[in-house]
Amino acid sequence: MYKYKLVQKINPQDKTAKKKWYATAIGNDAQDVKAMTRAATENTTTAPIEMEASLELLGNYAMQQLLQGHIVKVGDLGTLRITFKSEGVEDITTFNAGQMIKEPRILFTPSKTLREGVVKKLQFQNGGVLEAGVSYASLADYKLAKGITSGGGSTGGSGNENDNPLG
């Protein structure tokens, strides 16, 4: 179950438009490497330390390959590649890469199998509301604090968005 929080925001393309409520992801903390390798190797013949060493080797290899300009395929998970922004010039002879290439970063693109395997199974659960710096634990708490009856109000939609669909 992936939790989200409702946040009221202005549309950056139309600053004069009325604020709207948007869902923003609430990510849980990542497991540390030891916990992740123990969980991932459970019920296998691979030792957690072997997986940890493999991840370290993969990290070193990926860094080397990216610095050489290669795209790195990470098994069936997807690919890593370098991306950046650039200023433009009218005269090609005036282009200076050191000054005009900006914000280099590493981009991970998940494989179709990984993306579809996650996206098709995603379920969402309301994890609260954030309004004017005040965080409400749930949509029901927000409605109660604001005196909004469950008959729609400013939240829109039907049903109780705070309910866990799995019961």
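Residues numbered from 1 in each chain as written. Predicted model: local features only at pLDDT ≥ 70, side-chain atom pairs only at ≥ 80, totals over all residues. Heavy atoms only, no water.

What am I meant to see in the overall build of the chain here?
Per the secondary structure count, the chain includes 5 helices and 7 strands. Shown N-terminal to C-terminal, the secondary structure of the chain runs as helices and strands in the order β-β-α-α-β-β-α-β-α-β-β-α. Across the 167 residues that make up the chain, the buried fraction comes to 17%. At a minimum sequence separation of 6, the contacts of the chain that also span at least 24 residues come to 38%. (Helix = DSSP H or I, 4+ residues; strand = E, 2+ residues; numbered from the N terminus. Buried < 20%, exposed > 50% of the residue type's maximum accessible area, 1.4 Å probe, protein only. Contact = heavy atoms within 4.5 Å.)

Looking at this structure, how should I read the sheet that holds strand E1 (residues 2-9)?
Strands pair in a sheet through their backbones, by hydrogen bonds, and they do so in one of two ways: parallel or antiparallel. Read across the open sheet, the 4 strands follow the order E2-E1-E6-E7; overall the sheet is mixed. Since the sheet does not close on itself, it has two edges, and those belong to strand E2 (20-25) and strand E7 (134-136), each with one partner. Averaged over all pairs of adjacent strands, the angle between strand axes in this sheet comes to 30 degrees, irrespective of strand direction. Here helix H5 (residues 139-146) sits on the sheet in contact with E1, E2, strand E6 (124-131) and E7, set at roughly 35 degrees to E6. (Pairing = 2+ DSSP bridges. Axes fitted to C-alpha atoms, helices over the stretch in contact; angles between N-to-C directions.)

Teacher, can you tell me more about unusual backbone geometry here?
Excluding glycine, residues mostly have negative phi values, and the peptide bonds linking residues are mostly trans. Backbone geometry at Asn43 places phi at a positive 65 degrees, although glycine is not the residue there. Within the fold, Asn43 resides in the loop between helix H1 (33-41) and helix H2 (48-67). Accessibility expressed as a relative area gives 77% for Asn43, which makes it exposed. Of note in the backbone geometry, Glu103 takes a positive phi value of approximately 50 degrees without being a glycine.

How should the packing of H1 against H2 be read in this particular structure?
In helix packing, the relevant descriptors are the interaxial angle and the interaxial distance, both defined with respect to the helix axes. For the pair H1 and H2, interaxial distance at closest approach is 8 Å and the crossing angle is 120 degrees. Taken together, the axis directions place H1 and H2 in an arrangement best described as oblique. Here the hand of the crossing between H1 and H2 comes out right-handed. Residue-level inspection shows Val33, Lys34, Met36, Thr37, Arg38, Ala40 and Thr41 of H1 in contact with H2, the latter providing Pro48, Met51, Glu52 and Leu55. (Parallel < 35°, antiparallel > 145°, perpendicular 65-115°, else oblique. Left-handed = near helix turned anticlockwise from the far one by under 90°.)

Hey, could you run me through the environment of Ser111 in this one?
Structurally, Ser111 is set in the loop between strand E5 (101-110) and helix H4 (112-119). A sequence separation of 36 residues divides Ser111 from Gly75, and the C-alpha atoms of the two residues are 9.2 Å apart. Residues in contact with Ser111, not counting those within four places in the same chain, are Asp76, Leu77 and Gly78. In terms of polar contacts, Ser111 uses its side chain to reach the backbone amide nitrogen of Leu114, at 3.1 Å. (Polar contact = N/O pair within 3.5 Å; in protein donor to acceptor, adjacent residues only side chain to side chain.)

Can you walk me through the nonpolar core in this structure?
What tends to happen in soluble globular proteins is that the nonpolar side chains get buried as a cluster. With 7 residues, the main nonpolar core is built from Tyr4, Leu6, Val129, Tyr136, Leu139, Tyr142 and Ile148. For this core, the secondary structure elements donating two or more residues are E1 and H5. (Core = buried A, V, L, I, M, F, W, Y, C linked by side-chain atoms within 4.5 Å.)

Looking at this structure, how should I read the pairing of E6?
For E6, the buried fraction is high: 6 of the 8 residues fall into the buried class. Here E1 pairs with E6 via 5 bridges, running parallel. Paired with Val7 across the bridge in E6 is Leu130. As judged from the 3 bridges shared by E6 and E7, these two strands associate in the antiparallel manner. Looking across to E7, one finds that Val129 is bridged to Tyr136. The loop that links E6 with its antiparallel partner E7 comprises 2 residues; one of these, Ala132, has a positive phi angle of about 50 degrees.

I'm lost on the pattern of salt bridges in this one. Help?
Oppositely charged side chains may form a pair once their charged atoms are brought near each other. By the definition in use, this model includes 5 salt bridges. Residues Lys34 and Glu52 are paired through a salt bridge, measuring 3.6 Å at the closest nitrogen-oxygen approach. Taken together, the positions of Lys34 in helix H1 and Glu52 in helix H2 put the pair 18 residues apart, joining distant regions of the chain. With its nearest N and O atoms 3.6 Å apart, the salt bridge here joins Arg105 to Glu103. Members of the salt-bridge network, linked through shared partners, are Lys85, Glu103 and Arg105. (Salt bridge = Lys/Arg side-chain N within 4 Å of Asp/Glu carboxyl O.)

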